[in-house]
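# Understanding the architecture of this molecule
If you want the building blocks of each chain, they are given just below.
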Amino acid sequence: MAASSERSPPPFPDAEDQESEPALRDEDSDEGADIFLGTVSRKPFSPPAAPHSAVFGDPLSNISKQESTSNPAKQSSKLPSDVPCDIFDPLHGTGMEPKDDGKNPAELRSEERPKDEPLSVASSKPKKDLFEDSPEDLFSELPKTKAKTKPQMDLFGDSSPDLFMDAKAAADTGPGRNAPADLFSEESVATTTSKSAKSNISANGVHSDEEEQDIFAEATVELSLDSPHNNRKTLDTTKPSEPASSLSAAAGSSKAQAKTLEELEEEESEDKFELNISITNPEKVGDGMNAYMAYKVSTQTTLPMFRSKTFTVRRRFSDFLGLYEKLSEKHSQNGYIVPPPPEKSLLGMTKVKVGKDDPSSGEFVERRRASLERYLQRVVCHPSLLQDPDVREFLEREELPRAVNTQALSGAGFLKMINKATDAVSKMTIKMNESDVWFEEKLQEVESEDQQLRKLHAVVDSLVSHRKELSVNTAVFAKSVAMLGSSEDNTALSRALSQLAELEDKIEQLHQEQAGNDFFVFTELLADYIRLLGAVRGSFDQRMKSWQRWQDAQTTLQKKREAEAKLLWANKPDKLQQAKDEIAEWEGKVTQYEREFERVSATVRKEVIRFEKEKARDFKKQIIKYLESLLQSQQQLIKYWEAFLPEAKAIA
Amino acid sequence: MPTISQEYKTALRSVSVDLNNDVSLLIDIPDALCERDKVKFTVHTKTTLSVFQKPEFSVPRQHEDFIWLHDTLVETEEYAGLIIPPAPPKPDFESPREKMHKLGEGEATMTKEEYTKMKQELEAEYLAVFKKTVQVHEVFLQRLSSHPVLSKDRNFQIFLEYDQDLSVRRKNAKEMFGGFFKNMVKSADEVLISGVKEVDDFFEQEKTFLLDYSTKIKDSTTKAERMTRAHKNVADDYIHVAAILNSISAEENTALKKHLDKFSDMFEKLRKVEGRVASDQELKLTELLRYYTRDIQAAKDLLYRRARALADYENSNKALDKARLKSKDVAQAEDNQRQCMQKFEKLSESGKKELTSFKGRRVVAFRKNLVEMAELEIKHAKNSVSLLQGCIETLKNC
């Protein structure tokens, strides 16, 4: 990168500035490249496509199709000089990259097209051929431009018209003639969700809007939320080719960050209170060991994504677990913090199943009800999770397919345990040299906070049990004093003692209530956050995994390159082509994985910030609630003792 | 080693017995010294009585000296008709010491601050036990001094005046066993003489009342002890909560920091209040019950002595009848019978007085302590309320 930027200061800064193409373009191009390489290697490329739609959602892209069509070309031309050359400088001159790049736009388009037209498969071929030419152009241009100081722009100026023309020609000649136009117009209208296109297109027309916005937001955040380091990187990459594109990012990392924070806040405040969820009426269904508790999940919403404003469904505990499984499978690998549900409790549930009206089982059910409610509220509070079709289905659909994997200690649970074990091992083996101080510090913070919260949880737990003990002892004392009062032969004293017994009875109630508050308001909050911190750590792990994948790909690429060099040296042209293909494939993977890593990093960052805000809000709310409960019981205490005082004074 | 200032002690004086404030003989324990298991009390006397050589003097006394004084009083035949004030219980520093030991073991698991606070708390507890000990010893002497008969006791006066160590002989094993045996005999005797027909309704009533009351109050005492201990545990938990919250807030750097700070602060303040509530309950309620458990035992002892005298009297009557029948040793039997009767009547008379005054004393003490406890509870609760209100206010505003 550094090398490329040295070589290539921007040639037409003014023009580019005026164009002021959003930074998103940059994303687009890179992703495009990924896609391309992905196709070559016959790999699925759903995730990288995401930013596309963001680009297309960007009004600028709609300004002119030409511009936007030209973009990919430009991007691609920029690509070799940026990313790969950074990593594989020595090979830069070989001309491998430009070739790839030349292919990029073509692939990009051909990739996009399948979404709209089934024909695209056919169309992509001729295009490719066509582009076979353009790469040549590109290629021939590229060395030149590299010699010059402003290669990208030149590239753009020189080769991309060719490219574009070619592309047009391809479009003209190919069956999917109108493809580019269609593509863009369609995308600007429907803003097709290319992110995980499979599911969305098939299922959620309604969703797509939401999701598209989301993607857009994500993309913005991605750029601006990046660590200063990353930002600089993107700046470096973007500047030479299109200084304007980096405008948003160029605002400076800090500023950008602040901005996105505001955005986040807006986003949050917007979707607050649009959805109220309550869980009520726990009800035992069935008998014996097959019995289970069903809960009424009521939703009140003004969100247009739901069919009606209020609706109610009945769900059982395993449904909640099932929801979590689904969400976690889909989102946690992207670095999202998926709120974990309360744990299964065999003991508690067995009590409920067996016991009829045991107070402890009543408490258990209430505790579970409350924690399920909090769990669900956390899920819908999450702007991205709320968009998930499974969440909607969970809230809306009358009958939910039975969640299977959640049965206690089932095979799935065992598998999960094994997975966790392997994760732990790989965690130990992966040594990530953290490039980003922010993550390093945050992870440390999270870990120590986890420790502290656990400690606090233990202490508050013992507070709860001590207070319960106090309540029991007070009750026993009250009885004893009542007896003493009945034995007392002084009438006034006897009366006062029995009053004291009554007073202590009331105080016992107070202690008991307070113990309940200690538990529900304080302990449960801590338990929730201990679980949530686990999820936060999980998202950090996902980031590390993605980093590892990227590193692995880089190592492989390096090996491939060495192999190629050997082949070159050994002068074996027959195998050379294959080697080149492989290198191309792996280069694509490297870029793809790097992108992925950056995306995951950005998501984790965003998520952690979101999490912290939510935590602060939650804690504040609960602390006040807790203190108010203490206040109330103290006020009651005053009343009780003040009522007793005259009785004591009446003793004579 | 802790010593106690006079003013604190008067503030803490909880077990009030109805002491008539006779200025002719004023006793207090202004100072005490704790050396390992031994507690040395400084007994200070101020008097206008001519029996004493000086108007004011202080002597060092140990717990065992108090026990000796009590035992001699109990054994004095003349005082059989009196309720001998219960001996002060042996100083018990075991529980705070044990806790201190435990705390030392758990030091590693706590933050430094937490440890310091726990230690302070234990030291306070230790001091409280110490003060309580001093207090019960003082009350014992004050009850003696305010008693019209017992205050004239020669042993009591020696106890107050003799400025050397009394070095009363500690009970040896045989005597300890003897005491135990005596108790056995006494209980057996109690059963034996329970068959004796009571001649006086007053005593009959007192007996049933005291027996009943004694079991009830014993029960209440243990229950109250448990309750106050549980309360103390809750207050101690507050310390840990405050300490951990504090260390969490130290690491936090978001807006939450302020809240956690306040929250931790709140717990720290609340734990002091709760601690006071617990210790005041202990002092006003548990200690009262404890004292009267002992006092009632003393009253029961009086009843036993009277019942014994009654049994003796009846036996002497029988013996006299027998003697008259056999016309042998009639004079001696008559003499014996008259003595027994006199003794019994004297016992009954003074016993009646003592028991009546005991009743009055108990009611007054209960009143005083219950009123004080209610007032303290209200005070503490009000304190908590204002603390909590202030804290909630600031939290809401930030």
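Owing to the predicted nature of the structure, the values given are computational and were not obtained by experimental measurement.

### Regarding the nonpolar core
In this structure, L497, L500, L627 and W641 of chain A together with F267, F366 and L370 of chain B are the most contacted members of the largest nonpolar core, which totals 109 residues. Mapped by element, the contributors of at least two residues to this core are α22 (437-487), α23 (491-570) and α24 (573-649) of chain A together with α7 (201-251), α8 (256-326) and α9 (330-397) of chain B. Per-element accounting of this core gives the leading share, 20 residues, to α24 of chain A. In contact with L627 of chain A, not counting residues within four places along its chain, are F263, M266, L388, C391, I392 and L395 of chain B. In terms of nonpolar packing, the next biggest core, distinct from the first, is built from 31 residues, I277, L321, L327 and V365 of chain A among them.

### Notes on the sheet that holds strand β3 (residues 310-316) of chain A
Residue and element names in this part refer to chain A. What the three strands build is an open sheet, ordered β1-β2-β3; its pairing is antiparallel. Among the strands making up the open sheet, the edge pair consists of β1 (275-285) and β3. Between one strand axis and the next, the sheet turns by 20 degrees as a mean value, whatever way the strands run. Here β1 pairs with strand β2 (residues 292-301) via nine bridges, running antiparallel. Across the sheet, K284 pairs through a bridge with M293, a residue of β2. Sheet contacts for helix α16 (residues 317-331): β1, β2 and β3; angle to β3, the most-contacted strand, approximately 100 degrees. Along the sheet, helix α20 (residues 389-396) makes contact with β1, β2 and β3, crossing β3 at roughly 95 degrees.

### Focus on the sheet that holds strand β2 (residues 38-47) of chain B
Residue and element names in this part refer to chain B. The strand order β1-β2-β3 describes an open sheet built from three strands, whose pairing is antiparallel. Each having just a single partner strand, β1 (25-35) and β3 (56-62) make up the two edges of the open sheet. Strand-to-strand, the axes of this sheet are offset by a mean angle of 20 degrees, without reference to chain direction. When β2 meets β3, the two strands line up antiparallel, connected through seven bridges. Directly across from K40, in β3, lies its bridge partner Q62. Against the sheet, helix α2 (residues 63-75) makes contact with β1, β2 and β3, and its axis sits at roughly 100 degrees relative to β3, the strand it touches most. Most of the contacts of helix α4 (residues 112-146) go to β1, to which it runs at about 150 degrees, and overall it touches β1 and β2.

### Quick notes on the interface of chain B and chain A
Between chain B and chain A, the contact holds 62 residues from the first and 58 residues from the second. Summed over the shared surface of chain B and chain A, the number is six salt bridges. Between K396 of chain B and E628 of chain A there is a salt bridge, with its nearest N and O atoms 3.0 Å apart. For the pair chain B and chain A, the number of links is 21 residue pairs in polar contact (both at pLDDT 80 or more).

### Description of the packing of α22 of chain A against α23 of chain A
All names here are of chain A. For the pair α22 and α23, the least separation of the axes is 7 Å and the interaxial angle reads 165 degrees. Considering the angle they form, α22 stands roughly antiparallel to α23. Of the two elements, α22 crosses α23, and the hand of that crossing is left-handed. Partitioning the contact of α22 with α23 into residue classes produces 29 nonpolar, nine polar and 14 charged.

### Observations concerning α23 of chain A
All names here are of chain A. Given a rise of 1.5 Å per residue, 80 residues ought to cover 118 Å, and the 116 Å separating the end C-alpha atoms of α23 matches this to within 8%. If you look at α23, its biggest bend is around 30 degrees, right at T523. Capping the start of α23 is the job of one residue whose side-chain oxygen sits 3.0 Å from the backbone nitrogen of A492: N490. Phi turns positive, to about 55 degrees, at N571, one or two residues after α23.

### Quick notes on the pattern of salt bridges
All names here are of chain A. A full pass over the atoms with the stated rule returns 57 salt bridges over all chains. Between D450 and R454 there is a salt bridge; the shortest N-O distance is 3.1 Å. Pair noted here: D450 and R454 are both in helix α22, with a separation of four residues, about one helical turn. Taking relative accessible area as the criterion, D450 reaches 6% and is therefore assigned buried.

### A few points about the packing of aromatic side chains
The final tally for this structure, using the stated rule, is 27 aromatic pairs over all chains. Geometrically, the ring pair formed by Y313 of chain B and F344 of chain B is stacked, given 5.8 Å between the ring centres and 15 degrees between the ring planes. Of this pair, Y313 of chain B sits in helix α8 while F344 of chain B sits in helix α9; the two residues are 31 residues apart in sequence, bridging distant segments of the chain. By the burial criterion, Y313 of chain B is buried, and F344 of chain B matches it. Here the guanidinium or amino end of R605 of chain A rests over the ring plane of W438 of chain A, the centre of that ring lying 4.3 Å away.

### Thoughts on the confidence of the model for chain B
Residue and element names in this part refer to chain B. Residues at a pLDDT of 70 or more form 89% of chain B, whose mean pLDDT is 83. Taken together, the stretch residues 1-18 has pLDDT below 50 and engages in 51 contacts with residues farther than four places along the chain or on a different chain. The ipTM value of the predicted complex is 0.86, and its pTM value is 0.68.

The rules we used
Residues numbered from 1 in each chain as written. Chains lettered and ligands numbered in written order. Predicted model: local features only at pLDDT ≥ 70, side-chain atom pairs only at ≥ 80, totals over all residues. Heavy atoms only, no water. Core = buried A, V, L, I, M, F, W, Y, C linked by side-chain atoms within 4.5 Å. Buried < 20%, exposed > 50% of the residue type's maximum accessible area, 1.4 Å probe, protein only. Helix = DSSP H or I, 4+ residues; strand = E, 2+ residues; numbered from the N terminus. Contact = heavy atoms within 4.5 Å. Pairing = 2+ DSSP bridges. Axes fitted to C-alpha atoms, helices over the stretch in contact; angles between N-to-C directions. Salt bridge = Lys/Arg side-chain N within 4 Å of Asp/Glu carboxyl O. Polar contact = N/O pair within 3.5 Å; in protein donor to acceptor, adjacent residues only side chain to side chain. Parallel < 35°, antiparallel > 145°, perpendicular 65-115°, else oblique. Left-handed = near helix turned anticlockwise from the far one by under 90°. Nonpolar A, V, L, I, M, F, W, Y, C, P; charged D, E, K, R; others polar. Expected span 1.5 Å × (residues − 1). Bend = angle between axes of the 7 residues up to and from the residue. Phe/Tyr/Trp six-rings, centres within 6.5 Å; stacked < 30°, edge-to-face > 60°. Lys NZ or Arg CZ within 6 Å of the ring centre and 35° of its normal. pLDDT = per-residue confidence, 0-100.

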